[in-house]
Amino acid sequence: MGNVVNERSKDFLVSTADVAFFVNDMLAFTGTTSLNTSISVSMEDQEVTGGKGNKTLYKYKYGRKLAPSIEMAEWNLAYLAANVGSTIFEGMKDVFAVAECVTLVNGVGILKKAPVGNVFVEIPNGSTLEVEPDGSTITVGTMNSNVLVTYQYNTGVKRVAVDAESTPFVGRLVMSADKHNNKMGKVGEVQIEIPSFQLSGTFDISLEAGGTTTTKLDGDALAVDSASCSDGSVYAFITEIPSKESAVSVSDIAVTPAVIELAAGETKPLTIIGIKGGLYSNVEIDPADCTITPEDEAVATAENGTVTAVAAGTTYINVEYGEAADMVRVIVA
């Protein structure tokens, strides 16, 4: 028997996801430099045991939780603002110049900024002097030397206050990752939408000599009511988006109503349901994608998925979608 080649292709999600976070339906931030994007879904369970050996007879599952986690390589003040539940202040503020190197010539040095208040000067012997500046100029004796100076100056800034009372923002989180196929390359994307995501409010800022400071955003999904009664309360929606439109793959179709009774001149639209089987729900198919053929147009016609009665009699409407087919009986009185 010869070798059997498996022609089935496989799909993969590669790399990390881009993210977007919305608060009150307004975009708060996007992130395209993520180092890690993930969601963790967990459930608690309660065991029912009994019989010889105290066997596990059943496990009752409850308390599902969904926890997203995102780690960003870039520095973005909006990440912190969302995490602490604070807006970003923009305006003028006194800030510090720390250990600025200034060259003194005959005791006179020029600062890069105009100080607010006095200037602290570290001179070579290790002591620190407090000097009153004249504009951006300081005078420290008559020495010729490099010194380190620390002072405040006023400039335009962005600022986030980490206070003791505010709570993290709750908003809509969207994560979008590329889907690749081992034979066709990129074939689409997968989006994970969490309608109500509450940040944990916990974050670390680690400033390291040998690496880049990263920002980690994690938290919990909160249950929301779905627009569909069948879905109930939901934490997230996971959606596959193909790179290009393709026909819906179904194993069979069902056209409703199966029998139509009309008077001459009356019309009735057809509903075409695609049956996929397995774990897939049924889908509605656009009649424009089907071949719809009346057997006797003297009795009834069909156009754009609508049957029109012409004259008394009985006929059948044949509906084909790919390899699947069904028919409708039409009775015109």
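Whatever comes next refers back to the structure up there.
Residues numbered from 1 in each chain as written. Predicted model: local features only at pLDDT ≥ 70, side-chain atom pairs only at ≥ 80, totals over all residues. Heavy atoms only, no water.

Asks: Mind showing me how you'd approach the overall build of the protein here?
Replies: For the protein, the helix and strand inventory stands at 1 helix and 26 strands. A compact globule built from 333 residues would reach a C-alpha radius of gyration of about 20 Å, whereas the protein, at 35 Å, exceeds it by more than 25%. In terms of its C-alpha atoms, the protein occupies a principal-axis envelope of roughly 115 × 65 × 55 Å. The buried share of the protein, taken over its 333 residues, is 30%. Counting contacts in the protein only where the partners sit at least 6 residues apart, residues at least 24 apart contribute 61% of the total. (Helix = DSSP H or I, 4+ residues; strand = E, 2+ residues; numbered from the N terminus. Rg over C-alpha atoms; globule rule 2.2 N^0.38 Å. Buried < 20%, exposed > 50% of the residue type's maximum accessible area, 1.4 Å probe, protein only. Contact = heavy atoms within 4.5 Å.)

Asks: For this particular structure, what's the right way to read the nonpolar core?
Replies: Nonpolar side chains in soluble globular proteins tend to end up buried together. By size, the foremost hydrophobic cluster in this structure holds 22 residues, and its most contacted members are Ile253, Leu270, Ile272, Val307, Ile317 and Val319. When residues of this core are traced back to their parent elements, those giving at least two are strand S17 (252-256), strand S18 (259-262), strand S23 (300-303), strand S24 (306-309), strand S25 (313-321) and strand S26 (324-332). For this core, the element with the highest residue contribution is S26, accounting for 4 residues. Ranked by size, the runner-up nonpolar core spans 20 residues in total, among them Ala78, Met175, Phe197 and Ala221. (Core = buried A, V, L, I, M, F, W, Y, C linked by side-chain atoms within 4.5 Å.)

Asks: Before we go on, may I ask you to explain the pattern of salt bridges in this structure?
Replies: Enumeration according to the criterion identifies 6 salt bridges in this entry. The closest approach of N and O atoms between Glu47 and Lys59, which form a salt bridge, is 3.6 Å. You can see Glu47 sitting in strand S3 (residues 34-50) and its partner Lys59 sitting in strand S4 (residues 55-72), a full 12 residues away along the chain. Here the salt bridges do not stand alone but share partners, grouping Asp11, Lys179 and Glu240 into one network. (Salt bridge = Lys/Arg side-chain N within 4 Å of Asp/Glu carboxyl O.)

Asks: Would you take a moment to explain the pairing of S4 for this structure?
Replies: The two faces of a sheet get side chains in turn, since along a regular strand they alternate between them. In the sheet, S3 pairs with S4 via 15 bridges, with the strands oriented antiparallel. Counterpart to Gln46 in the pairing with S4 is Tyr60. Following S3, the chain reverses through 4 residues before pairing antiparallel with S4; Gly51 in that reversal takes a positive phi of roughly 75°. Here 4 bridges tie S4 to strand S13 (residues 215-221), and the two strands are oriented antiparallel to one another. Counted as the bridge partner of Met72 is Thr215 from S13. (Pairing = 2+ DSSP bridges.)

Asks: Please explain the sheet that holds strand S7 (residues 119-122) as it appears in this structure.
Replies: Backbone hydrogen bonds hold the strands of a sheet together, and the pairing may be parallel or antiparallel. In spatial order, the strands read S5-S10-S7-S8; together these 4 strands make up an open sheet with antiparallel pairing. Two strands lie at the open edges of the sheet, namely strand S5 (89-104) and strand S8 (128-131), each paired on one side alone. For this sheet the average axis-to-axis angle between neighbouring strands, irrespective of direction, equals 25°. In the sheet, S7 pairs with S8 via 4 bridges, with the strands oriented antiparallel. Bridge pairing in S8 links Phe120 to Glu130. (Axes fitted to C-alpha atoms, helices over the stretch in contact; angles between N-to-C directions.)

Geometric values such as these leave the question of function open.
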